[in-house]
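So you can see what is in the structure, the chains are spelled out below.
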Amino acid sequence: MRKKEEILYVVVPCYNEEEVLEETTKQLKAKMEKLVKDKVISDQSKVMYVNDGSKDKTWELIEKISKREKYFTGISLSRNRGHQNALLGGLMTAKNYADVVVSMDADLQDDIHAIDEMLKKYYDGCDIVYGVRSARKKDTFFKRVTAEGFYKFMRALGVDCVYNHADYRLTSKRVLEELEGFQEVNLFLRGMFPLVGFQSDIVYYERNERFAGESKYPLKKMLNFAWDGITSFSVKPLRFISGMGFFILMLSIFFAIYMIIRMCIGQSVYDWMIFVLSIFFMGGLQMICMGVVGEYIGKIYGEVKARPRYIISKNLLEDGKCD
Ligand code: UDP
Ligand code: MG
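Chains are numbered independently. Their residues run from 1 in the order of the written sequence. As a convention, the first chain written is A and the first ligand written is 1, with the rest following in written order. Owing to the predicted nature of the model, reporting of local features is limited to residues with pLDDT of at least 70; listing and counting of side-chain atom pairs is limited to 80 or more, with chain, interface and lining totals taken over all residues. Neither water nor hydrogens contribute to the side-chain values; these are computed over all heavy atoms in the structure.

Located in the positive-phi region is leucine 108, a residue other than glycine, with phi close to 60°. In this text, helices come from DSSP runs of H or I with a minimum length of four residues, and strands from runs of E with a minimum of two, each type numbered from the N-terminal end. By the secondary structure assignment, leucine 108 is in the loop between β4 (100-103) and α4 (114-123). Its identity is not glycine, yet phenylalanine 198 carries a phi of approximately 70°, on the positive side. Counting through the fold element by element, phenylalanine 198 comes out in the loop between α7 (189-196) and β7 (200-205). Phenylalanine 198 gets classed as partly exposed once you look at its relative accessible area, which sits at 37%. Working definition: with a 1.4 Å probe on protein chains only, accessible area under 20% of the residue-type maximum means buried, over 50% means exposed, and in between means partly exposed.

Let's shift gears to the pairing of strand β3 (residues 72-77). Burial analysis of β3 places six of its six residues in the buried class, the great majority of the element. Judged by which residues are buried, β3 turns out to be covered on both faces: Phe72, Gly74 and Ser76 on one side and Thr73, Ile75 and Leu77 on the other are all buried. When DSSP locates at least two bridges between a pair of strands, those strands are taken to pair. Across five bridges, strand β2 (residues 46-51) lies against β3 in parallel orientation. The residue bridging methionine 48 from the neighbouring strand is threonine 73, located in β3. Here three bridges tie β3 to strand β8 (residues 312-315), and the two strands are oriented antiparallel to one another. Each residue of the ladder has a partner; that of leucine 77, found in β8, is isoleucine 312.

Two rings from Phe, Tyr or Trp (for Trp, the six-membered ring) form a pair when their centres sit within 6.5 Å of each other. Planes less than 30 degrees apart are called stacked, planes more than 60 degrees apart edge-to-face, and all others tilted. Tallied over the entire structure, the rule returns eight aromatic pairs. One aromatic cluster in this structure is built from Phe150, Tyr151, Tyr163, Phe188 and Phe225.

In what follows, salt bridge is the name for a side-chain nitrogen of Lys or Arg lying within 4 Å of a carboxyl oxygen of Asp or Glu. Enumeration over the complete set of coordinates arrives at 13 salt bridges. Two residues, lysine 26 and glutamate 23, come together in a salt bridge whose shortest N-O distance is 3.8 Å. Of this pair, lysine 26 and glutamate 23 both sit in helix α1 (residues 18-37), separated by three residues, roughly a single helical turn. You can call lysine 26 exposed: its relative accessible area is 55%. Glutamate 23 sits in the partly exposed class, given a relative accessible area of 26%. Close ionic contact of glutamate 180 with lysine 95 constitutes a salt bridge, the shortest N to O distance being 3.4 Å. Of the two residues, glutamate 180 sits in the loop between α6 (173-179) and α7 while lysine 95 sits in the loop between α3 (83-94) and β4, which places them 85 residues apart along the sequence.

So, on to a positive patch on the surface. Here, patches come from residues exposed beyond 30% relative accessible area and free of salt bridges, joined within 9 Å for like charges and within 5 Å for nonpolar side chains (Val, Leu, Ile, Met, Phe, Trp, Tyr). The protein chains shown are the only cover counted for residues, whose accessible areas, like all others here, come from Shrake-Rupley with a 1.4 Å probe. Charged residues are defined narrowly, with Lys and Arg counted positive, Asp and Glu counted negative, and His plus the chain ends left uncounted. Think of each charge as sitting on NZ of Lys, CZ of Arg, CG of Asp or CD of Glu. A surface patch of positive charge is lined by Lys55, Arg79, Arg81 and Lys221. Considering the arrangement of structural elements, one finds arginine 81 in the loop between β3 and α3.

Turning our eyes to something else, we now look at the site of ligand 1. What makes a residue near a molecule or strand is one non-hydrogen atom of that residue sitting within 4 Å of it. Within the structure, ligand 1 sits among 19 residues, and Glu17, Asp52, Asp107, Ser215 and Lys216 are positioned closest to it. Distance and chemistry together define a polar contact, namely a pair of N or O atoms within 3.5 Å, with one atom able to donate a hydrogen and the other to accept it when in protein, and with adjacent residues in sequence counting only for side-chain atoms on both sides. In the environment of ligand 1, an oxygen atom lies 2.7 Å from a nitrogen or oxygen atom belonging to the backbone of proline 13. Within the side chain of asparagine 80, one N or O atom sits 3.2 Å away from an oxygen atom of ligand 1. About the coverage of ligand 1: the protein hides 95% of its 540 Å² of free accessible area. Amino acids outside the nonpolar list (Ala, Val, Leu, Ile, Met, Phe, Trp, Tyr, Cys, Pro) and the charged list (Asp, Glu, Lys, Arg) are all regarded as polar, and Gly is one of them. Class assignment of the residues belonging to the shell around ligand 1 gives a composition of five nonpolar, five polar and nine charged.

The periodicity of an α-helix, 3.6 residues per turn, causes residues three or four positions apart to be oriented the same way. Every helix has an expected span of 1.5 Å times one less than the residues it contains. The end-to-end C-alpha separation of helix α9 (residues 236-264) is 42 Å, in line with the 42 Å expected for 29 residues at 1.5 Å each. Of all the positions in α9, only Pro237, Ile241, Ile248, Met259 and Arg262 are classed as buried.

Every protein donor of the magnesium ion (ligand 2) is accounted for by Asp107 (OD) and Gln109 (OE1), and the metal-donor separations fall at 1.8 to 1.9 Å. Owing to a relative accessible area of 12%, glutamine 109 belongs among the buried residues under this scheme. Counted as coordinating are nitrogen, oxygen and sulfur atoms within 2.8 Å of the metal, or 3.2 Å for Na, K and Ca, while water is not included, which may make sites look incomplete.

Note on definitions: angles span 0 to 180 degrees between N-to-C directions of axes, and those axes are lines fitted to C-alpha atoms, for helices only across the stretch in contact. Contact geometry for α1 and helix α2 (residues 58-68): axes closest at 9 Å, N-to-C directions at 20°. Between α1 and α2, the angle is such that the two are roughly parallel. Remark: the crossing between α1 and α2 carries right-handed chirality. Counted together, Glu18, Leu21, Glu22 and Thr25 of α1 and Thr58, Leu61, Ile62, Lys64, Ile65 and Arg68 of α2 form the full contact between these two elements. Residue composition of the contact of α1 with α2, grouped by class: four nonpolar, two polar and four charged. Throughout, the term roughly parallel applies to angles under 35 degrees, roughly antiparallel to angles over 145, roughly perpendicular to angles from 65 to 115, and oblique to all others. Crossings are classed by handedness, with left-handed meaning an anticlockwise turn of the near helix from the far one by less than a right angle and right-handed meaning a clockwise turn. Should any heavy atoms of two residues lie within 4.5 Å, those residues are counted as being in contact.

Structure follows, in structure tokens:
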């Protein structure tokens, strides 16, 4: 059991979110005030917006809000680095000030009231509490089917990830300190936390629709993200290729033996078509295989360079505004 009134930081990555930020602030403010009043969290707690190189007025708005509101602050990345990097930047900064951190999206699709239950589990001894969508009723049919298929596929590949959990989660300071040791550049945070370990639990919530603005995850980004998740956490596709190669080799040996036998007993051998087809078949197959191997080599290339995953250009907590 932990003592109450610890410092909570809520990390919220924001990319072109000027339309939603005021409403998000209003709702999170009420939540923070209530939690402080009920003595669940310390009054040093804050919501930390992470501006991910937005092109609209998001950062100006974050500065304005943090001057006006006691429980709000922000950091800004030097450029757009994508949701996962922005989130990591926020988590790594927040852990220097907080005892416990919750991450969520700026569009309030995640039910903020689930934070109460997450904190309860945290005080009971959990180090990670995953927010899991209880239903995907409000997602489009396409998003629901692709997302659920993806989680099942990841499981089948042997990746330990929590079903229907996005990046709405609570983590203790020590989990984040351990996460710092994970130096990979291709980030798939929801697959990394289970690797950190410690006691974890799940809180169910219903996911809402985005109330303003549009999704910053178009299909292309979503596919990229899914591919990153697979190739950063599983080498099974590589093994599958070796297995397939072996299978095809065996098949062609049997086929060759069969042809030789037919020739020996004086039967006619198949048409030239079959050879042309098999050349195409093998050619295609080899190209796919090389592509997959290339993907992993590309990953190694990125990891070997080990470039910084995010660069913080401004931190309102360090600018003397806050205590
Ligand atoms: N986001 C970000 N950088 C990006 C894209 C998105 O920080 O390059 C943030 C965005 O502001 C939001 C969160 O990531 O807070 C999730 O994005 P979104 O809600 O658009 O994704 P969806 O819920 O549609 O999957
Ligand atoms: Mg969203």
